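Structure at a glance
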Amino acid sequence: GENVEQHPSTLSVQEGDSAVIKCTYSDSASNYFPWYKQELGKRPQLIIDIRSNVGEKKDQRIAVTLNKTAKHFSLHITETQPEDSAVYFCAASFPSGSARQLTFGSGTQLTVLP
Amino acid sequence: GAVVSQHPSWVICKSGTSVKIECRSLDFQATTMFWYRQFPKQSLMLMATSNEGSKATYEQGVEKDKFLINHASLTLSTLTVTSAHPEDSSFYICSAPTSYSYNEQFFGPGTRLTVL
């Protein structure tokens, strides 16, 4: 199966600074890499995703990069704001039987200090 | 986007009782649904894949006789925690992909289970 590792586990930044979270995956058959933001007691919220045929994707202050060769992908948040504080999870989608499963990273607690 | 609901949103039960959690796709048909468990300050761990019209596929270490899954229709999957114990207390979340979203899964709001 797939194994996704995520670093760091906690990250504190000053408001306005950038935050970077990194993930690695093991299964070369994985072809879709979503990033989720989860607030306490809530469902994961998709914030950005990237497919394996794309190296980079950007949506306003959020960007994701993918290096298929190295099996690395990263989340970049620029001009951070206090409301960005939450737990962020990366995930990798790989085939399992007739479905595609998501394997999640261990999560990063991001704190943006005002 | 597609909408997935869960019911109940929270439940408290006594040890030894069974609890049923429903997951519904409201505006699309889901032949596959996924059930996750999330303990406090931990990640989402896949428990099982629910398949409409066939048996669920359980992940290694998940007891199929304890966590009963029934995918009764193209819009409903249920997870029954049988003989619940305090260690089963967790946040249970379901998700479902659609036929038109590229691998994207849509998550239910989750069910907080507390076993006393």
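A brief report on the enclosed structure follows. (Residues numbered from 1 in each chain as written. Chains lettered and ligands numbered in written order. Predicted model: local features only at pLDDT ≥ 70, side-chain atom pairs only at ≥ 80, totals over all residues. Heavy atoms only, no water.)

**Brief notes about the state of the cysteines**
The test is simple: In this description, a disulfide is simply a cysteine sulfur pair whose atoms lie within 2.5 Å. Under the scheme used here, helices are H or I runs from DSSP no shorter than 4 residues and strands are E runs no shorter than 2 residues, and both carry numbers assigned from the N terminus. Burial status follows relative accessibility: with a 1.4 Å probe on protein chains alone, a residue under 20% of its type maximum counts as buried, one over 50% as exposed, and anything between as partly exposed.
Within this structure, the stated rule accounts for two disulfides over all chains. Each sulfur of the disulfide joining A:Cys23 and A:Cys90 lies 1.9 Å from the other. Between A:Cys23 and A:Cys90, the disulfide has an S-S torsion of -100 degrees and is therefore left-handed. Here A:Cys90 lies in strand S9 (residues 86–96) and A:Cys23 lies in strand S3 (residues 19–25), a separation of 67 residues in the sequence. Of the two residues, A:Cys23 and A:Cys90, neither departs from the other in class, the shared state being buried. Note on cysteine connectivity: B:Cys23 is disulfide-linked to B:Cys94, with sulfurs 2.0 Å apart. Taking the torsion about the sulfur-sulfur bond, which here is approximately 85 degrees, the covalent link between B:Cys23 and B:Cys94 counts as right-handed. With B:Cys23 in strand S3 (residues 19–25) and B:Cys94 in strand S9 (residues 90–97), this residue pair connects regions lying 71 residues apart in the sequence. For B:Cys23, a relative accessible area of 0% corresponds to the buried category. As a non-bridged cysteine, B:Cys13 has B:Cys94 as the owner of its nearest cysteine sulfur, 18 Å distant.

**Topic: the sheet that holds strand S1 (residues 4–7) of chain B**
Residue and element names in this part refer to chain B. Under the convention used in this document: We call two strands paired when DSSP finds no fewer than two bridges between them. A fitted line through C-alpha atoms represents every axis, and for helices the fit uses only the stretch in contact; the resulting angles, taken between N-to-C directions, go from 0 to 180 degrees.
Reading across from one edge, S1-S3-S8-S7 is the order of the four strands in this open sheet, with antiparallel pairing throughout. Every interior strand has two partners, whereas the edge strands, S1 and strand S7 (67–73), have only one. Direction aside, the axes of adjacent strands within the sheet are offset by 15 degrees on average. Strand direction decides the pairing type here: S1 and S3, joined by four bridges, are antiparallel.

Coordinates in, geometry out; function isn't part of it.
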